[in-house]
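Spelled out, the chains give:
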Amino acid sequence: MRFLPLIVANLLRKKVRTALTVGSFGVALFLFGVLAVVRGAFRQGIDVAGADRLVVINKVSIIQPLPYAYREQILHLPGVTDLTFDSWFGGVYQDERNFMPQFAIDAEAQRRVFPELQVPEDQWKAFVADRQGAVAGEETARRFGWKVGDRIPIRGTIFPGTWEFNLRGIYRGARPDDDRTQFWFHYEYLDEKRQWGKGMVGWYTVRIGSPDLAAQVARAIDDRFANSPYETKTETEKAFATSFVKQVGNIELLILAVGGVVFFTLLLVTGNTMAIAVRERVGEMAILKALGFGDRFLLWLVLGESLLIALCGAVLGLGGCKLFTLGGDPTHGMLPFFYLPPSAMAAGLGVAIAVGGLAGILPAASAMRLRVADAIRRV
Amino acid sequence: MVRVDGGEAARGLIRVRGIDKTYRRGGEEIHVLQGLNLDVEAGEFVAFMGPSGSGKTTLLNLLGGLDVPSRGSIAVAEDEITRMSSSRLTRWRARHVGFVFQMYNLIPVLTAFQNVELPLLLTRLSKAERRAHVEAALAIVGLGDRMGHYPRQLSGGQEQRVAIARALVADPTFLLCDEPTGDLDRRSADEILGLLTRLCREHGKTILMVTHDPMAARSAQVVLHLEKGVLTEGVAGGRAL
């Protein structure tokens with residue numbers, strides 16, 4: 001700590017240059033944070049997927065339905081402890097830009113299979129008691145300014161007509177990255193009112209006794225409906241979420257590529273800055289060596305400056321990104337959540353420190369190798 | 001008493017025996033110092049004079065452990081510095097040598113106080129102890145009221161005095177001054193020379209100074225002439241060797 005004033009004083013000698021370099025780190029880390037948020041949003045289903053949950057979809061495609069009658073048959077297979085189902089509704093609230101995922105759900109089993117999505121008991125009872133009742137995620141309710149008791153009209157696109165719902169509850173996620181944007185209503189209401197597709201559901205979510213049984217139960221379900229008009233494809237919730245994300249594209253690779261280019265550029269910029277800073281101070285470094293400061297001290301002095309720049313930039317960028325996410329979702333619900341988790345912040349900090357260290361290592365090594373008699377002669 | 005004959009009887013604080021320094025430049029060997037002997041006792045103020053390229057600064061660098069001779073040995077007190085590793089030599093420098101350079105070489109982004117404190121950062125002294133040492137050193141050079149000033153806010157003479165305080169603050173065994181008045185006007189130069197003389201007389205500091213300036217050399221007790229890498233003669237401030 002006794003050398004910190006020296007490091008700070010060195011950085012402050014060229015304030016504009018230091019500010020620009022810190023700013024470069026800040027912008028890169030802000031971008032890193034935003035990419036982490038987007039990646040997290042896309043991976044949300046994967047990361048929060050229950051290890052003891054399987055998803056059963058139509059073997060042809062997820063948009064092809066499955067019979068409601070499968071419910072009892074699946075429920076009686078060995079290893080299955082519970083089951084619920086959902087159907088995609090795809091309606092529009094006021095404007096097509098107001099996207100939110102809407103599901104007709106099995107009110108009886110929903111909370112047992114998805115205990116992390118929590119609804120106050122009184123609100124849930126009110127929902128169950130009202131055939132036109134609905135439950136919205138807290139993010140969606142906040143976005144549209146809904147409160148319990150509101151009447152919500154939704155225009156059907158798959159199932160035509162205006163569908164009226166009474167908002168009876170608002171759910172919240174037990175974990176920070178749980179999806180808070182869904183809109184649930186009774187499957188019975190959908191099935192009763194729709195003109196086609198009666199007796200069909202979108203997919204089943206099955207709870208199993210142990211994650212170890214996943215492969216066995218999945219095989220049993222698919223075997224049970226093999227060669228039927230509605231063959232099934234069963235996989236773990238994590239695998240299902242992963243394949244769902246892959247349908248959008250290789251988001252992970254895209255994010256890694258963008259992040260990689262940004263950080264490589266940052267490495268070059270910071271490395272160049274540090275090289276110039278060392279070159280400008282060859283005489284001073286020689287004097288420090290003459291005074292008795294060792295080679296390693298010089299190495300750590302330059303590395304310390306580089307790391308401090310990186311650290312300040314990281315705090316600026318990641319702090320800014322955190323504030324940005326706290327300000328609300330700018331995509332208006334297109335992403336299931338807009339949240340920068342501490343793990344991503346820690347990763348950003350780690351990347352910044354790595355880039356700062358790498359950028360400083362060559363200039364630091366040249367400072368370390370400086371031959372003091374030669375350098376003093378040049379002063 | 002300073003001797004340049006390398007006699008066995010001489011047992012000074014600094015003992016230089018038969019040092020050569022050769023540089024290789026473009027395939028050609030340049031012999032900067034040749035078979036140089038020197039004995040300096042504690043508390044002496046020695047000036048080295050000689051034309052440019054005569055090897056004065058090279059000798060100073062060798063004495064200060066900034067460079068190593070091609071041949072020969074240098075011992076300071078009980079330490080044979082020519083046999084030390086680079087890292088040990090660095091630690092030895094911190095403990096035993098105070099450098100004063102022609103261009104002052106203060107760190108421009110540090111205050112006078114912080115510049116003088118630099119050598120103490122390598123010690124185990126507490127912050128309060130370091131402060132006391134720095135204040136004392138700055139008081140000796142008459143800059144106790146300029147502690148918070150940056151080098152750019154000081155005159156050349158004041159900067160050199162800060163550099164002297166920095167050289168003194170860790171109480172080194174000896175001071176090496178390379179043209180300490182070379183960049184100063186006469187008045188400032190006289191102040192610096194007066195200060196060095198006082199440090200030698202009142203504080204018993206051993207000072208070795210390289211200079212081109214005969215006026216500056218007169219402040220020293222002993223003046224040695226270096227020519228073509230050989231110490232050829234010695235004339236003291238009024239006395240011959």
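What counts, and where the lines are drawn
- Residues numbered from 1 in each chain as written.
- Chains lettered and ligands numbered in written order.
- Predicted model: local features only at pLDDT ≥ 70, side-chain atom pairs only at ≥ 80, totals over all residues.
- Helix = DSSP H or I, 4+ residues; strand = E, 2+ residues; numbered from the N terminus.
- Rg over C-alpha atoms; globule rule 2.2 N^0.38 Å.
- Buried ≥ 20, exposed ≤ 12 C-beta atoms within 10 Å, placed from the backbone.
- Contact = placed C-beta atoms within 7 Å.
- Core = buried A, V, L, I, M, F, W, Y, C linked by C-beta atoms within 7 Å.
- Nonpolar A, V, L, I, M, F, W, Y, C, P; charged D, E, K, R; others polar.
- Domains from an automatic or database assignment.
- Pairing = 2+ DSSP bridges.
- pLDDT = per-residue confidence, 0-100.
- Axes fitted to C-alpha atoms, helices over the stretch in contact; angles between N-to-C directions.
- Parallel < 35°, antiparallel > 145°, perpendicular 65-115°, else oblique.
- Left-handed = near helix turned anticlockwise from the far one by under 90°.

A. Region of interest: the overall build of chain A. Along its length, chain A carries 14 helices and twelve strands. Taken against the 2.2 N^0.38 rule, which gives 21 Å for 379 residues, the C-alpha radius of gyration of chain A at 29 Å runs more than 25% over that of a compact globule. Overall, chain A is about 95 × 45 × 30 Å in size when its C-alpha atoms are taken along their principal axes. Burial statistics for chain A: of 379 residues in total, 40% are counted as buried. Put simply, of all contacts in chain A between residues at least 6 apart along the chain, 83% involve residues at least 24 apart.

B. Spatial organisation of the overall build of chain B. Across its full length, chain B holds seven helices and ten strands. Principal-axis analysis of the C-alpha atoms gives chain B an extent of 45 × 40 × 40 Å. Per-residue burial for chain B yields a buried fraction of 50% across its 241 residues.

C. Spotlight on the nonpolar core. One finds Ala165 and Ile207 of chain B to be the most contacted residues of the largest nonpolar core, which totals 124 residues. Apart from residues no more than four positions distant in its own chain, Ala165 of chain B is found in contact with Val116, Ala137, Leu138, Ile140, Val141 and Leu143 of chain B. In this structure, Leu66, Tyr70, Leu117 and Leu167 of chain A belong to the second largest nonpolar core, which totals 47 residues.

D. Representation of the interface of chain A and chain B in the model. Of the residues lining the interface, 19 residues belong to chain A; the matching set on chain B comes to 19 residues. The set of elements that each furnish at least two residues to the side of chain A that touches chain B consists of α1 (4–12), α11 (282–291) and α14 (372–378) of chain A. No other element matches the five residues that α11 of chain A contributes to the side of chain A that touches chain B. Split into classes, the residues belonging to the side of chain A that touches chain B amount to twelve nonpolar, four polar and three charged.

E. How the structure looks around unusual backbone geometry. Residue and element names in this part refer to chain A. Positive phi values are uncommon outside glycine, yet Asn227 reaches one of about 65°. Relative to the helices and strands, Asn227 resides in the loop between α8 (214–224) and β12 (232–236). On the neighbour-count criterion, Asn227 (6 C-beta atoms within 10 Å) is exposed.

F. The domain arrangement of chain A, seen in detail. When the domains of chain A are assigned, the result is domain 1 (4–45 + 250–378) and domain 2 (60–230). Its C-alpha centre places domain 1 of chain A at a distance of 46 Å from the equivalent point of domain 2 of chain A.

G. Examining the environment of Arg112 of chain A more closely. With respect to the helices and strands, Arg112 of chain A occurs in helix α4 (residues 110–113). Classification of Arg112 of chain A as partly exposed rests on a count of 13 C-beta atoms within 10 Å.

H. Fine view of the environment of Phe263 of chain A. Residue and element names in this part refer to chain A. Inspection of the secondary structure puts Phe263 in helix α10 (residues 251–280). C-alpha of Phe263 to C-alpha of Phe32: the two residues are 231 residues apart in sequence and 9.1 Å apart in space. Those residues within four positions of Phe263 in sequence are excluded, and the remaining contacts are Ala28, Val351 and Val355.

I. Structural detail: the pairing of strand β7 (residues 174–178) of chain B. Residue and element names in this part refer to chain B. Of all five residues in β7, five are buried; the element is thus mostly enclosed. As paired strands, strand β6 (residues 97–100) and β7 are joined by four bridges and run parallel to one another. Looking across to β7, one finds that Phe99 is bridged to Leu176.

J. Representation of the sheet that holds strand β1 (residues 14–25) of chain B. Residue and element names in this part refer to chain B. The sheet built from four strands is open, its strands ordered β2-β1-β4-β5 with antiparallel pairing. What marks the edges here is a single partner per strand, and that holds for β2 (28–40) and β5 (79–80). Pairing of β1 with β2 involves nine bridges; the strand directions are antiparallel. Within β2, the residue paired with Lys21 across the bridge is Leu33.

K. Structural detail: the confidence of the model for chain B. Residues and elements named next belong to chain B. Chain-level pLDDT for chain B is 89 on average; 92% of the residues reach the 70-or-more range. The least confident element of chain B is strand β10 (residues 230–236), whose mean pLDDT is 66; the most confident is helix α3 (residues 112–117), at 96. Scored by ipTM, the complex comes to 0.88, with pTM at 0.71.

L. Structural view of the packing of helix α5 (residues 156–168) of chain B against helix α6 (residues 186–203) of chain B. Residue and element names in this part refer to chain B. Contact geometry for α5 and α6: axes closest at 9 Å, N-to-C directions at 20°. Judged by the angle between their axes, α5 and α6 are roughly parallel. Here the hand of the crossing between α5 and α6 comes out right-handed. In contact with Gly156, Gly157, Gln160, Arg161 and Ile164 of α5, α6 contributes Ser188, Glu191, Ile192 and Leu195.

M. Looking closely at the environment of Arg83 of chain B. In this fold, Arg83 of chain B is placed in the loop between β5 and α2 (86–96). Put simply, Arg83 of chain B and Met147 of chain B are 64 residues apart on the chain and 39 Å apart in space, counted from C-alpha to C-alpha.

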